[in-house]
Amino acid sequence: MRTDSKGYMTIEASVIIPVVIIGIFVCLFGLILIYERASVSAAEYRALYTIPLNSIRNKEVQAYLEAQDYTGTVVLGSASVESSASGSKASCEGQVCLFGSSSVSGSREIDVRVDRLRRWQFYGDTYEKYGD
């Protein structure tokens with residue numbers, strides 16, 4: 001048995017282990033970025049789809065959307081969200097800053113035919129049974 005080839009494990013460990021550790025950190029940073037974007041996106045859609053009917057009727061959708069907290073679940077980075085409402089469309093445009101800047105956006109049509117069709121699909125002909 002030869003004993004002159006004992007150093008190959010040291011060289012492999014000094015090259016492979018740092019590459020594996022760097023790969024793990026890159027994966028963790030990617031998962032953190034995905035979490036940050038998803039949390040801001042979820043907050044945007046929660047705000048867009050929970051607009052009170054009184055705010056829609058009184059044309060106060062913009063004020064309602066601006067009063068929402070979109071960055072409550074952001075852990076490491078920072079986020080900023082701008083909301084707008086015009087006519088029958090409400091939208092939120094956000095930026096998540098973590099290792100760079102990434103945009104997140106969501107929009108919804110308010111009180112138009114699509115919403116009425118969805119209500120009709122959910123409730124069917126209950127109006128005919130219990131109508132005024």
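Notes on the structure follow. Everything quoted here is computed from the prediction, not taken from an experiment.

Criteria and thresholds
Residues numbered from 1 in each chain as written. Predicted model: local features only at pLDDT ≥ 70, side-chain atom pairs only at ≥ 80, totals over all residues. Heavy atoms only, no water. Core = buried A, V, L, I, M, F, W, Y, C linked by side-chain atoms within 4.5 Å. Buried < 20%, exposed > 50% of the residue type's maximum accessible area, 1.4 Å probe, protein only. Helix = DSSP H or I, 4+ residues; strand = E, 2+ residues; numbered from the N terminus. Contact = heavy atoms within 4.5 Å. Pairing = 2+ DSSP bridges. Axes fitted to C-alpha atoms, helices over the stretch in contact; angles between N-to-C directions.

### Here we look at the nonpolar core
Then, in step 1: Membership of the largest hydrophobic core is limited to 12 residues, which are Ala43, Ala47, Leu48, Ile51, Ile56, Val61, Tyr64, Leu65, Tyr70, Ala90, Cys92 and Ile110.
Then, in step 2: For this core, the secondary-structure elements that each account for two or more residues are helix H1 (8-49), helix H3 (61-66) and strand E2 (89-97).
Then, in step 3: Sequence-distant contacts of Leu65, that is, excluding residues within four places in its chain, are made with Ala47, Leu48, Ile51, Tyr70, Ser83, Ser84 and Ala90.

### Considering the pairing of strand E3 (residues 101-109)
Then, in step 1: Here E3 shows a clear split, with Ser102, Val104, Gly106 and Arg108 buried on one side and none of Ser101, Ser103, Ser105, Ser107 and Glu109 buried on the other.
Then, in step 2: Bridge analysis of E2 against E3 gives 9 bridges, and the strand direction is antiparallel. Residue Lys89 lies in a different strand from E3, and its bridge partner there is Glu109.
Then, in step 3: Here E2 folds back onto E3, and the loop between the two strands holds 3 residues, one of which, Phe99, carries a positive phi near 60°.

### Describing the sheet that holds E3
Then, in step 1: As summarised here, the arrangement of the 3 strands in space is E1-E2-E3, forming an open sheet in which the pairing is antiparallel. Every interior strand has two partners, whereas the edge strands, strand E1 (78-86) and E3, have only one. Direction aside, neighbouring strands of the sheet carry axes that sit 15° apart on average.
Then, in step 2: Relative to E2, E1 runs antiparallel, the two being bridged by 9 bridges. Looking at the pairing, Ser80 lines up with Gln95 of E2.

### Considerations on the environment of Ser107
Then, in step 1: Among the structural elements, Ser107 can be located in strand E3.
Then, in step 2: Separated by 59 residues in sequence, Ser107 and Leu48 have C-alpha atoms that sit 7.2 Å apart.
Then, in step 3: Among all residues touching Ser107, those that are not within four sequence positions of it are Tyr45, Leu48, Tyr49, Lys89, Ala90 and Ser91.

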